[in-house]
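Tertiary structure, described
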Amino acid sequence: MKKQLFIIFFVLAPTITFALSGKEHAFDMKRIYPFVDCVSNKKVIDFYSLVNEYLDKPNDINTGKPNPIANHPKFNKMKFGNHRIWYHWGFNTDPKKFSPLVEAVNRNIENGIIDESDVEEFWECLISDVRRRNRYLMNCAAEIFGYKSLGSISQNQRRQLNAFVTVLYSIHVLGDHQGVITDVMSDLSRVYGDIYNAIDDLAGKNRANVSKARELNKQLRAQQHDPKVFLDKMEEKFTPYILALDGSLYNYKEKFERLGYKLKN
């Protein structure tokens, strides 16, 4: 797995401007998730970096476009603007419904760079790569968070796994919403909604867990006016929430301790 992480870090690397650094995003993840920043938790800490690389460095180093687009004979001359237009749409969002990217594609048609008849092929090319990359992230997460391969886990476990990735992904986007360029990213209401859904999925259907999820989401909704304040509240409440959940599939404290991770008190 170390070799895979190195390859994805090295190959996908444009210059980032007007954005939090990878270290700043990782700091937010470290302060919110229940894992102590120590050698015992290196796999988790490395995964934070992988999620950040996925968002900020998914593209061809010279063109700033995803490699399948940059290398495509029809699409390599298309123009899209800021790098955040890629993948900053939310982990579970269909890119075809992400208006900044849809508008960019339409501008390329208007400017004669591609034809209307090329659009479906463009989306097929991009979405195929998105699915490949999402599977990679989910498979890495499965190994790190103690799940079996994606094809052998239950729907509830897959929801849990997706939730762990979604919250990390959303922490990054909320960090970027504190910067200058925000109009090419998922809007705040969608990011917050992804987090609330993830919190629910981490709780499952257990009545006591559901009650804890509702309380946490209620407290977070009161902070929606400011993404920084929202992240600060997550730092205060998310770890205690995760470690207080219970049930055969939802006792994350016991699960993570069995994996040898050192957890926050």
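Everything below is about the structure printed above this text.
A word on the environment of Lys65
Within the element layout of this structure, Lys65 appears in the loop between α3 (42–56) and α4 (67–70). By relative accessible area, Lys65 is classed as buried at 7%. It is 9.8 Å that separates the C-alpha atoms of Lys65 and Phe75, two residues lying 10 residues apart in sequence. Looking at Lys65, its side chain comes within polar contact range of the main-chain oxygen of Asn76, at 2.4 Å.

Thoughts on the environment of Tyr261
The residue Tyr261 is located in the segment after α11 (252–258) in this model. Sequence-wise, Tyr261 and Val39 are 222 residues apart; in three dimensions their C-alpha atoms are separated by 9.3 Å. When neighbours within four sequence positions are excluded, Tyr261 is seen to be in contact with Phe35, Ser40, Asn41, Lys43, Val44, Ile144 and Phe256. Of the polar contacts made by the side chain of Tyr261, one reaches the backbone oxygen of Ile144; its length is 2.5 Å.

Observations concerning the side chain of Asp194
Positionally, Asp194 belongs in helix α8 (residues 188–203). No salt bridge is formed by the buried Asp194; the nearest opposite charge belongs to Arg190, separated by 5.4 Å. Not counting the four nearest positions on each side in its chain, Asp194 is found in contact with Gly90, Thr166 and Ser170.

Reading the values: rules and limits
- Residues numbered from 1 in each chain as written.
- Predicted model: local features only at pLDDT ≥ 70, side-chain atom pairs only at ≥ 80, totals over all residues.
- Heavy atoms only, no water.
- Helix = DSSP H or I, 4+ residues; strand = E, 2+ residues; numbered from the N terminus.
- Buried < 20%, exposed > 50% of the residue type's maximum accessible area, 1.4 Å probe, protein only.
- Polar contact = N/O pair within 3.5 Å; in protein donor to acceptor, adjacent residues only side chain to side chain.
- Contact = heavy atoms within 4.5 Å.
- Lys, Arg positive; Asp, Glu negative; His and termini not counted.
- Salt bridge = Lys/Arg side-chain N within 4 Å of Asp/Glu carboxyl O.

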